[in-house]
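# Coordinates in review
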Amino acid sequence: MTSPTLLERFRTALAAELPAAAVLRQRLHADPELSGSEWRTAELVVDALGSGPGEAVAGTGRVVRVGRSTGPSVALRAELDGLPGPSGPMHACGHDVHLAALVALARAARRVDEEAGQDGLPLPVLAVFQPREERPPSGARDIVAEGVLERHQVGAMVAAHVQPQLPAGRVAAVPGAVNAAADHVEIVVTGRGGHGGYPQLTRDPVVAMAQVVVALQQVVSRRIDPLHAAVLTVGWIHAGSAANVIPDQARAEGILRVLEESDRAAAHEEVRSIVEHAAAAAGCKGEVTVHEGEPALVNEPRLTAYSHPWLEELGLSVDTSLRSCGADDFSYYGAVAPSLMMFVGLPDAGTSLHQPAFHPPDAAIADVAHALLAGYLGALDVVA
């Protein structure tokens, strides 16, 4: 493990940056931008970091390197985008907190690097300000495809996400799969429409779709190992335009999530089979289109384990059990380097992400920044 002196230097430098980070967070929260439109957000965080413009990536994204300009580095990611809300864009997933925390830690890293003289940081920090986490096309996938991580010789990827299901002061750093693969499923059931008073002359796609939606729960309850997490949510159904008319077609959309990547292809086939056969039983034709989304997010075991003592040194307790069927495109980075996604608790545990009232306190910035620092320090034992 690295010298405690490095930890103390980071701790002191980071503490000095937190007041400005809270101001930055409030500015970000007041002016959210949707996926793919994060121009102002990117400029604001890069200006606040103060280490030059960095490199443009994935359209609206930026990467900024802190420390020596060559050799291996450790990448720390935060997300630029907000969510659509009832009254316009909103930061209802904590991305404003993540951005402020990353800026604070990157500024602290620069201070530590400057104070270390010729030795500098043990490994440079690559601050990755990623666009389009909330909506496709994935910003993480595009960053990986552009090769910027290889050019900076990224040896580890680290991120931290606020999680109201954990109490404040607790951080989940769990080895293995922690978020699910998430695939968009489109279903079309085609029958033969007609007058609602003469159903015998029709093949009702609405009845067939109702049977399809219920039957699809077999994918989770009967077709996948019960010890493997999976969920299929049909969140949108549309058919017809009048109460007394049986339509020709019914449509539905949903999300299929599996925590084990090995279950993914088989689950797709089960969905197709169930839709086709359930629709056929009602005299209709069922068709399925699957749009693959993020793969399962898998934390590299060594990097995860090496983060634990640093989290505790920084005053955070470690949770090793939290997994969820949520999804995050941070999963794409695992194909490039050992990766670690941590989940950071909040004082209002039990509230929900992605709703307008979600607003973590500014105090959460410090916990997210300390989690990122623990991941960076743990990565020093992983990156050659």
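Please read these numbers as outputs of a predicted model, since none were measured by experiment.

Moving on, we get to the sheet that holds strand β14 (residues 249-258). Overall, antiparallel pairing links the four strands, which are arranged β12-β14-β10-β15 in an open sheet. Pairing within the sheet leaves two strands with one partner each, and these edge strands are β12 (230-239) and β15 (285-291). Neighbour-to-neighbour, the strand axes of the sheet open up by a mean angle of 20°, direction not taken into account. Pairing analysis gives ten bridges linking strand β10 (residues 181-190) to β14, with the strands arranged antiparallel. Across the sheet, Ala181 pairs through a bridge with Val258, a residue of β14. Here helix α8 (residues 264-281) sits on the sheet in contact with β10, β12, β14 and β15, set at roughly 160° to β15.

Spatially, the eight strands line up as an open sheet ordered β1-β2-β6-β3-β7-β18-β8-β17, and their pairing is mixed. Only two strands of the sheet have a single partner each, and these edge strands are β1 (55-57) and β17 (317-319). Put simply, the sheet's adjacent strands are angled 30° from each other on average, direction ignored. Pairing geometry for strand β7 (residues 154-167) and strand β18 (residues 339-346), over eight bridges, is parallel. Pairing of His161 across the sheet is with Phe343, part of β18. Against the sheet, helix α3 (residues 95-115) engages β2 (61-66), β3 (73-79), β6 (125-130) and β7, with an angle of about 150° to β3. Contacting β1 and β6, helix α4 (residues 139-146) crosses the sheet at an angle of about 130° to β6.

Helix-helix packing is characterised by the crossing angle of the two axes and by the distance between the axes. Interaxial distance between helix α9 (residues 301-313) and helix α10 (residues 364-379) falls to 8 Å at its minimum, and their mutual angle equals 125°. Classified by the interaxial angle, the pair formed by α9 and α10 is oblique. In the packing of α9 onto α10, the handedness of the crossing is right-handed. When α9 is examined against α10, the residues Leu303, Tyr306, Ser307, Trp310 and Leu311 are found in contact with a partner set consisting of Ala371, Ala374, Gly375, Leu377, Gly378 and Ala379. Class assignment of the residues belonging to the contact of α9 with α10 gives a composition of eight nonpolar, three polar and no charged.

Our next topic: the packing of aromatic side chains. All chains considered together, the criterion is met by two aromatic pairs. A centroid spacing of 5.4 Å and a plane angle of 65° characterise the contact between Phe330 and Tyr333, whose relative ring orientation is edge-to-face. Each of the two residues, Phe330 as well as Tyr333, counts as buried.

Another point: the packing of α3 against α10. Here α3 crosses α10 at 55°, and the two axes come no closer than 8 Å. In terms of orientation, α3 lies oblique with respect to α10. The chirality of how α3 crosses α10 is right-handed. Contact with α3, carried on its side by Val97, His98, Ala100, Ala101, Leu102 and Leu105, involves Ala364, Ile365, Val368, Ala369, Leu372 and Leu373 of α10 and no other residues of that element.

Right, let's get into α10. With 16 residues, α10 extends 23 Å from end C-alpha to end C-alpha; this agrees with the ideal 22 Å at 1.5 Å per step. Buried residues dominate α10, accounting for 16 of its 16 residues.

Rules used in this analysis
As a convention, each chain's residues are numbered from 1 in the sequence order in which they are written. Only residues with pLDDT of at least 70 get local features here, since the model is predicted, and only at 80 or more are side-chain atom pairs given and counted; chain-wide, interface and lining totals rely on the full set of residues. As a rule here, side-chain values cover all heavy atoms of the structure and leave hydrogens and water aside. Should DSSP find at least two bridges between two strands, the strands are taken to pair. Strands are runs of DSSP state E lasting at least two residues, helices are runs of H or I lasting at least four, and both sets are numbered from the N terminus onward. Axes here mean lines fitted to C-alpha atoms, for a helix over just the part in contact, with angles spanning 0 to 180 degrees between N-to-C directions. Only heavy atoms matter for contacts: two residues are in contact if any of them lie within 4.5 Å across the pair. Roughly parallel means an angle under 35 degrees; roughly antiparallel means over 145; roughly perpendicular covers 65 to 115; every other angle is labelled oblique. Crossing handedness follows the turn of the near helix against the far one: under a right angle anticlockwise gives a left-handed crossing, and clockwise gives a right-handed one. Each residue receives one of three labels: charged for Asp, Glu, Lys and Arg, nonpolar for Ala, Val, Leu, Ile, Met, Phe, Trp, Tyr, Cys and Pro, and polar for the others, Gly being one of them. Paired rings are identified among Phe, Tyr and Trp, the last through its six-membered ring, by centres lying within 6.5 Å, and are further divided according to the angle between planes into stacked (under 30 degrees), edge-to-face (over 60) and tilted (the rest). Burial classification: accessible surface area is computed with a 1.4 Å probe over protein chains only, and a residue below 20% of its type maximum counts as buried, one above 50% as exposed, and the rest as partly exposed. By this rule, a helix spans an expected 1.5 Å times one less than how many residues it contains.

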